[in-house]
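# Observations on the model geometry
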Amino acid sequence: GDLDKVVNLLLSLSGRLARVETALGSLGPHSPAEDKVALREKQRLLVAQLEDAKELKEHVGRREEAVGAMVARYLPAEHLQDYQHFIKMKSALITEQRELEEKIKLGQEQLRCLRESL
């Protein structure tokens with residue numbers, strides 16, 4: 001459960017940071033200074049939160065190793081391999097699911113903009 005939450009947190013923060021950086025890049029030279037300042041502050045906070053989330057992921061990783069070592073004492077080798085595969089795939093699948101959700105969201109937004117422009 002913690003792994004799910006941390007991976008989702010990392011993906012969420014990364015996505016938000018990317019959107020803020022895109023918004024910063026799209027500001028023209030005539031954009032209000034307060035917009036730039038607000039976006040830079042948001043960027044600074046998101047970078048700090050992302051670093052904290054990475055530390056949290058490392059902590060969860062260490063806990064996962066400790067749990068894995070404990071589980072290894074009780075499971076036969078075949079089941080242990082299944083468990084380890086499950087843990088690795090779960091993280092990868094969460095990441096893939098989040099990316100697909102973002103692509104769907106982007107596609108829906110593009111579709112909405114196309115419909116509005118017609």
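No experiment lies behind these values; they were computed from the predicted model shown. (Residues numbered from 1 in each chain as written. Predicted model: local features only at pLDDT ≥ 70, side-chain atom pairs only at ≥ 80, totals over all residues. Heavy atoms only, no water.)

### Topic: the environment of Leu 50
What counts here: Helix and strand definitions here come from DSSP, where helices need a minimum of 4 consecutive H or I residues and strands a minimum of 2 consecutive E residues; each element is numbered from the N-terminal end. Note on contacts: a residue pair qualifies if any of its non-hydrogen atoms lie within 4.5 Å across the two residues.
The topology assignment puts Leu 50 in helix H2 (residues 33–74). The spatial distance from the C-alpha of Leu 50 to the C-alpha of Leu 17 is 8.8 Å, given a sequence separation of 33 residues. Dropping the residues within four chain positions of it, Leu 50 is found in contact with Leu 10, Leu 13, Ser 14 and Leu 17.

### Overview of the UniProt feature "domain: ASD2" (unreviewed entry) in the protein chain
Condition: UniProt positions are given in the numbering used here, feature names are shortened, and annotations may be inferred rather than shown by experiment.
Mapped onto this numbering, the UniProt entry annotates "domain: ASD2" (unreviewed entry) at residues 1–118. Summarising residues 1–118: 92% helix, 0% strand, and an end-to-end C-alpha distance of 45 Å.

### Here we look at the packing of H2 against helix H3 (residues 77–117)
The condition that has to hold: Here an angle of 0 to 180 degrees is reported between the N-to-C directions of two axes, which are lines fitted to C-alpha atoms, with helices fitted over the stretch in contact. Any angle that is under 35 degrees is reported as roughly parallel, and any over 145 degrees as roughly antiparallel; angles of 65 to 115 degrees are reported as roughly perpendicular and all others as oblique. Each helix crossing is assigned a hand: it is left-handed if the near helix lies turned anticlockwise from the far helix by less than a right angle, otherwise right-handed if that turn is clockwise. Under the scheme applied, nonpolar residues are Ala, Val, Leu, Ile, Met, Phe, Trp, Tyr, Cys and Pro; charged residues are Asp, Glu, Lys and Arg; polar residues are all the others, including Gly.
One way to put it is that H2 packs onto H3 with a least axis distance of 10 Å and a crossing angle of 160°. Between H2 and H3, the crossing angle belongs to the class labelled roughly antiparallel. The chirality of how H2 crosses H3 is right-handed. Touching Glu 64, Val 67, Gly 68, Val 71 and Ala 72 of H2 are Leu 80, Tyr 83 and Ile 87, all from H3. Grouping the constituent residues of the contact of H2 with H3 by class yields six nonpolar, one polar and one charged.

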